[in-house]
Structures are given as C-alpha cells and as structure tokens.
Amino acid sequence: MLNLINTSFDNCIKCTACTTRCPVAEANPDYPGPKQAGPDGERLRIKNPELYDEALKHCTNCKRCEVACPSGVHVGTVIQLAKAKHGGFKKGPREFMLSHTDLMGSLSSPAAPIVNTVTKLKPVKKLLDKTLGIDERRTLPKYTGQTFRSWFNKQSGTQEQFKRKISFFHGCFTNYNDPTVGKHLVSVLNAMNIGVSLMKKEKCCGVPLIANGFFDKARKNAELNMNQFARSLTETECVIATEPSCTMTLRDEYPEVLDVDNSDVKDRIFFAAAFIAREFARGNQPDMKPLKLRVAYHSPCHLIKAGGVIHTMELLSSIPGLEVIMLDQKCCGMSGTYGFKKENYNTSQSIGQGIFDQIEALGVDYVVTDCESCKMQVEMNTGHTVLHPLTLLAQSLT
C-alpha cells in the first residue's frame, strides 16, 4: 500500500489556511501553527533530525488543519508521526493512565462507587495535580458499575431474533464510563428491525494511545480489532460506532498513522448517524413522537473531518417538534486527554470559551453533541446537560 503521508506533505502551497483554522495557534502564542509544525518543519526534519521543534507538542490532532487544506495535505498526521519519530512524546505515568483506557476501565468499573467518590474529593484532585500533572480544576469522568457488555449480554437473545444485524464497536467510554448511548443505539436500531451484535473481543480504538505516543500498543489494538471485524462481518452487514474519534481512527488512522491495513473492511465501517440516516432515506424510519425541545448542536472536530455532521443534522431534523440551533463550528478545547493535562488547561479553556458563551446566550433546553469528550467539556463549563443525538432519537420512539 502506498503511504500517502510520505509524499503528500510536499503538496503544501504555503497558503496558511491550516494555521488560520488551528484552535491552538489562536489561543496559544507558543504554537506556530500547523503549517510551520507540519509541512514546513518536515522539510527541515528530513534534512536534519536535530531541527525537530518542541512546539509540536502543542498540536491536539483535532484535524481542523486537514479540513482547511486545499491541497489535501494530512497535516495533523504529519505532526503526529514526526513526534513519534523524533521522541516528541513524553510517556510518563500520567500519559499511561490517561491513554490505557481499557486497563483503567477494567480496574475501576468493579469499584465504581468508591472510585467515583474518591476522584471527586478535593484533596485527591490536588494530589493528582501535584504528583501527575492532571489539573485539579478538571472534572474527572465517572465509571459505571455495570459495563455495557454485561448489560448487552442480557439482551443478546433478543438480538438474535432479527434477520438483519450489524456489529457495534462500543468503545471504552460506552463500556466503562456511561453505557447510555450504547443502550439507546440498540433501542433505535431494534425499532428499525435491525439487531445488534458485539465482537467477541474489542480493544480501545487507539485514539488516546496515539495522542500520548503509545504507538506500539495502539498498533496491537488495531490488529486485534481488524481481525475481530473480519470475523464479525461474516455474519453482520457492517460495523458501526457511535463515537466520531473512534470511527475516524478505525477507518483512517489505522492505515495512515499505524500502518495497519484495513482495506478489506474499511468500506463497511460506519459512523452510527451515517448508517441510520441512510436507512431513513431508504424508508426504514420508525414512528416518532414529537419532542418539544429547543437544543443547540455542537459538531465535534473529528466528525467534521469525516464529513459526518450532515448525517447527524439529518437525524435531528427528522424528530418532530425538535428545534435545533447549530453552534459555530469551533473546537470545544478538550481534545480527548489534552484538556486533562495541567500545562494545557488554560489553552483548553480559552479555545472553548466561544462555544461556552454562545451556549449560555441561547438559553436552550439541552446541548447536543456526538462526542463524549466534548460533552465533558461543555457540561463542566456551562449549566447545561449534554445529550447524544441517539438519546433524542430514542426518546422520540413511540
């Protein structure tokens, strides 16, 4: 397979469109922006590795630079690979804890009430701040006492009754932190006469591992997931995921960043909203009751990169009575594990401030977004509850 990253960066025409769309460059004067850190820097790094610039550590891999680039340069990927190649990742205990979500989830979920109580205590948050560099002002995610997989196992008999079935990649957050979105996906698909199946095994898609430099672990996870997908797709139509970052990684980052071939299954991996919107367009739409709500929709960066926002908007517009206000397409600033790190906290908050102010001014009933990371950031910084689009769809079922 041709590795496009090795050749595409030289297509940069130096227009700086990427830098004008970079949320970090706008908020943090220490970051020169993706044009200089990406294509410009790569030309220098090829000549002399000692010209590696520590400023690359500020990149959040939000992919807005790649959306803006008129030449199709994979700027964010160029930067991530440069960090990996030149030792630009700091891989300490904090980075291990934040990135190994499978391990942390499997250890924390059985003791969820205790873990959730302890991680809210101010002395504990202060200790994490001082010893690990996890900012004490950040709200830490809760764990669930019943994982999504354990809940689903009780539903698996029901799912076998459907002639049509899809495979669901639930991801770490839905399994260990909040199964709500997974449960609502099952409800919506069942209402469309489609059953749900899980892979026998699945590992973290690799987003937090890539973001913190654990490429070898991410590659092992990718290889396991692709093997599981291939087996599952012999019995189901496709694999769908509800988290935009997971979907983007499974489809695009595996071959481009991890050099894991997914060509046999890539065309059968869908973001949930894209799959459901296609079914609706074909006439497979369940009866829905009106929801008299006024909501603001925030579009996640990685969903914008994947071109999937239109599908979510199609689903929301299909709910009778729902008034949807689309927020400006700006980054919320959380960017997965980025916002938890003490040195990034102020930049993270500065990036998201425009979104927070817009939400507060609108006075809506709820905020809606597809991304759990965005949900955490918006709920921490506004007085609003954030719902997933699938939750609204599930609520509208008759």
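Predicted model, so just to flag it, every value in this text is computed and none were measured. (Residues numbered from 1 in each chain as written. Predicted model: local features only at pLDDT ≥ 70, side-chain atom pairs only at ≥ 80, totals over all residues. Heavy atoms only, no water.)

A. Layout of a nonpolar patch on the surface. Residues Phe96, Leu103 and Leu107 make up a contiguous nonpolar surface patch of about 270 Å² in total accessible area. Among the secondary structure elements, Leu103 is positioned in helix α8 (residues 101-108). (Patch = residues over 30% accessible without salt bridge, like charges linked within 9 Å, V, L, I, M, F, W, Y side chains within 5 Å. Areas by Shrake-Rupley, 256 points an atom, 1.4 Å probe, with all protein chains shown as cover. Salt bridge = Lys/Arg side-chain N within 4 Å of Asp/Glu carboxyl O. Helix = DSSP H or I, 4+ residues; strand = E, 2+ residues; numbered from the N terminus.)

B. Just the pattern of salt bridges, in detail. Taken as a whole, this structure holds 20 salt bridges when the rule is applied. Its salt-bridge partner being Lys126, residue Glu136 comes within 3.1 Å of it at the nearest N-O pair. With a gap of 10 residues between them, Glu136 in the loop between α10 (122-132) and α11 (148-153) and Lys126 in helix α10 connect regions that are remote in the sequence. Looking at Glu136, the relative accessible area reads 28%, which means it is partly exposed. The residue Asp252 makes a salt bridge to Lys266 at a minimum N-O spacing of 3.5 Å. Here the residue Asp252 occupies a position in helix α17 (residues 244-256), and Lys266 occupies one in the loop between α17 and β4 (269-271), the gap between them amounting to 14 residues. (Buried < 20%, exposed > 50% of the residue type's maximum accessible area, 1.4 Å probe, protein only.)

C. Structural view of the sheet that holds strand β2 (residues 194-198). Read across the open sheet, the four strands follow the order β2-β1-β3-β4; overall the sheet is parallel. Only two strands of the sheet have a single partner each, and these edge strands are β2 and β4. Here the average twist between neighbouring strands, direction ignored, is 40°. Strand direction decides the pairing type here: strand β1 (residues 164-169) and strand β3 (residues 239-241), joined by three bridges, are parallel. Its bridge partner being in β3, Ser167 is matched across the sheet by Val239. The strands that helix α16 (residues 215-232) touches are β1, β3 and β4; relative to β1, the one it contacts most, it runs at about 175°. (Pairing = 2+ DSSP bridges. Axes fitted to C-alpha atoms, helices over the stretch in contact; angles between N-to-C directions. Contact = heavy atoms within 4.5 Å.)

D. Looking closely at a positive patch on the surface. A cluster of basic residues, Lys200, Lys201, Lys203, Lys217, Lys220 and Arg231, forms a positive patch on the protein surface. The topology assignment puts Lys201 in the loop between β2 and α15 (207-211). A relative accessible area of 55% places Lys201 in the exposed class. (Lys, Arg positive; Asp, Glu negative; His and termini not counted. Charge placed at Lys NZ, Arg CZ, Asp CG, Glu CD.)

E. A look at α10. Looking only at α10, the buried set comprises Lys125, Leu128 and Asp129. Looking down the long axis of α10, one finds its buried residues gathered within 100° of arc, a one-sided arrangement. For α10, the exposed residues lying more than 90 degrees away from the buried face are Pro123, Leu127, Lys130 and Thr131. In the stretch just after α10, Gly133 is the one whose phi turns positive, near 85°. (Arc of directions from axis to C-beta.)

F. A look at α17. The first and last C-alpha atoms of α17 sit 17 Å apart over 13 residues, in line with the 18 Å expected at 1.5 Å per residue. The largest bend along α17 reaches roughly 45° and is located at Leu250. Of all 13 residues in α17, 11 are buried, a share of seventy percent or more. Those residues of α17 that sit buried are Pro244, Ser245, Cys246, Thr247, Met248, Thr249, Leu250, Asp252, Glu253, Tyr254 and Pro255. (Expected span 1.5 Å × (residues − 1). Bend = angle between axes of the 7 residues up to and from the residue.)

G. Layout of the confidence of the model for the protein chain. Across the protein chain, the average pLDDT comes to 95, with 98% of residues at 70 or higher. Note on residues 1-5: pLDDT is under 50 here. Beyond four places in sequence and across chains, it has eight contacts. (pLDDT = per-residue confidence, 0-100.)

H. A look at unusual backbone geometry. Residues other than glycine seldom take positive phi values, yet Lys14 does so here, at roughly 60°. Residue placement: Lys14 occurs in the loop between α1 (5-8) and α2 (17-20). The phi angle at Lys63 is positive, at roughly 80°, despite the residue not being glycine. Looking at where Lys63 falls in the secondary structure, it is placed in the loop between α4 (34-47) and α5 (64-68).

I. Inspection of the side chain of Asp40 at higher detail. For Asp40, the position within the fold is in helix α4. A distance of 2.7 Å separates the side chain of Asp40 from the side chain of Lys35, its partner in a polar contact. (Polar contact = N/O pair within 3.5 Å; in protein donor to acceptor, adjacent residues only side chain to side chain.)

J. How the structure looks around the pairing of β1. Burial within β1 is extensive, with five of its six residues counted as buried. Relative to β2, β1 is paired through five bridges, and the arrangement is parallel. Its bridge partner lying in β2, Lys165 is registered against Gly195.

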